[in-house]
Amino acid sequence: MVHIRSLLGGGPISEDEGKIAETFKKRGVSEVIWNITNECNLKCRHCYVDAGLERSSNELSKEEAIRLANEMGELGVPLLFLTGGEPFLRKDLFDILSVIKDYDVKVVLSTGGHMLSREVIKEIAKYRISYLAVPIYGPEEFHDMYVGVKGAFSKVIKAAEVAKKEGIEVCIKTLITKETLRYARYVIEISKQLGSKIVYLCDLINVGRASRKYRERVEKVEWRRLASYMLEEALSNEDMEFDIGAHPSLAPYIVKKLEEIGCNTDKVIKRLKTRSVCPVGRGLIAINASGDFLPCNFVQEFKVGNFRNMSLREAANVLSELGSRDELKGKCGSCTYRDVCGGCRAKAYVYYKDIMAEDPSCVMYRDEIR
């Protein structure tokens, strides 16, 4: 994950990054991404877990989910992303949040926004949610088409407005594809209007329902242009963060852009080397709805164990074995920024079935992806 504002110093999540790095150093865990259900009432064409209207038969039970939440707290997990499917389709969501509330865990609750009534948002506010993440892919007609549900856009806008009034910070999330790229600046502008301090823009990874959509991937030159635009925005607005997902090579690209305008980047590079931008093997624990432990939420088939027979701490130890950047292959293995970036391990696995292979989408190389 590339946090542009924090690369410049400061920003709304710079303090969190420090805590995450310290927890990783002490306990070997940085953040957890937990897909608590695969059930969903939207029909997003890019869904990486291929979520649908039916709940998985082997989904963690309420008792198992509560036990897992307690283990997270006891392990000292500093940051938890709760996502789905649609988290609000789990009837025990608030029971899970109640457990987590008793620990010093920062929670980002990621939802499609379709179930966020005023009453639900008021209930969320009781559980010290740090950020409510909701999607916007473009203007109303396009957004509704993209998620497959009419009226979805207006519900997201209303939910974001109510959440801000209830004291819950809002993160606007979007996906960058050839279809959505034209609306990236629109998403950034509407995020400002809604008072969102964080915009999350994720690159497309061809898994789940997007497994055959290679032609929808944005070329490197377009990502460079978009990253340059976001850097300009971040330089002019110190209260806003741009979080780029699944494209770690944009960190060294932005570092190079900063050097071009005369910025000293020594401290930035030193800080990035402590973890590298891709968190696979560097403290990230992804957990799917069935309780499988994964190195990344985008590689659902890469399972190192299951919560029913492995503890969270044991999973962290196993996943740490993937953290050595000395094992990287191809261009990533010989790159000057190997320890800063690390390349996207999920894309390496999706493209080459080798989690240590080179990142085929790296923007530091001028050749375009296939």
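Everything discussed here concerns the structure shown above.
Residues numbered from 1 in each chain as written. Predicted model: local features only at pLDDT ≥ 70, side-chain atom pairs only at ≥ 80, totals over all residues. Heavy atoms only, no water.

Let's shift gears to the pattern of salt bridges. Two side chains bearing opposite charge may form a pair once their charged atoms approach each other closely. Using the criterion set out here, one finds 22 salt bridges in the structure. Of the charged contacts in the structure, one is a salt bridge between Glu-22 and Lys-26, with a shortest N-O distance of 3.6 Å. Of this pair, Glu-22 and Lys-26 are both found in helix α2 (residues 14-27), four residues apart, which corresponds to roughly one turn of the helix. A salt bridge links Asp-292 to Lys-303, with the nearest nitrogen and oxygen atoms 3.6 Å apart. (Salt bridge = Lys/Arg side-chain N within 4 Å of Asp/Glu carboxyl O. Helix = DSSP H or I, 4+ residues; strand = E, 2+ residues; numbered from the N terminus.)

With that settled, consider the sheet that holds strand β9 (residues 284-287). Read from one edge to the other, the open sheet built from eleven strands follows the order β1-β8-β7-β6-β5-β4-β3-β2-β9-β10-β11, with strand pairing classed as mixed. Both edges of this open sheet fall to β1 (2-3) and β11 (305-306), since each of them pairs with a single strand only. As judged from the four bridges shared by strand β2 (residues 31-35) and β9, these two strands associate in the parallel manner. Of the residues in β9, the one forming a bridge with Glu-31 is Leu-284. (Pairing = 2+ DSSP bridges.)

What follows covers the packing of aromatic side chains. Summed over the entire model, instances satisfying the criterion amount to eight aromatic pairs. Relative to Tyr-146, the ring of Phe-142 has its centre 5.4 Å away and its plane inclined at 20°; by these criteria the two rings are stacked. Of the two residues, Phe-142 and Tyr-146 are both situated in helix α6 (residues 140-147); the distance of four residues between them amounts to about one turn of the helix. As far as the burial class goes, Phe-142 and Tyr-146 line up, both buried. Ring centres of Tyr-351 and Tyr-352 lie 6.2 Å apart, and the angle between their planes is 45°; on these two criteria the pair is classed as tilted. Overall, the relative accessible area of 35% leaves Tyr-352 in the partly exposed class. What links up through ring pairs into an aromatic cluster is the set Tyr-137, Phe-142, Tyr-146 and Tyr-183. Sitting over the face of the ring of Tyr-127, Lys-101 holds its NZ or CZ atom 5.9 Å from the ring centroid. Seen from the ring of Tyr-229, Arg-185 lies directly overhead, with NZ or CZ sitting 3.9 Å from the centre. (Phe/Tyr/Trp six-rings, centres within 6.5 Å; stacked < 30°, edge-to-face > 60°. Buried < 20%, exposed > 50% of the residue type's maximum accessible area, 1.4 Å probe, protein only. Lys NZ or Arg CZ within 6 Å of the ring centre and 35° of its normal.)

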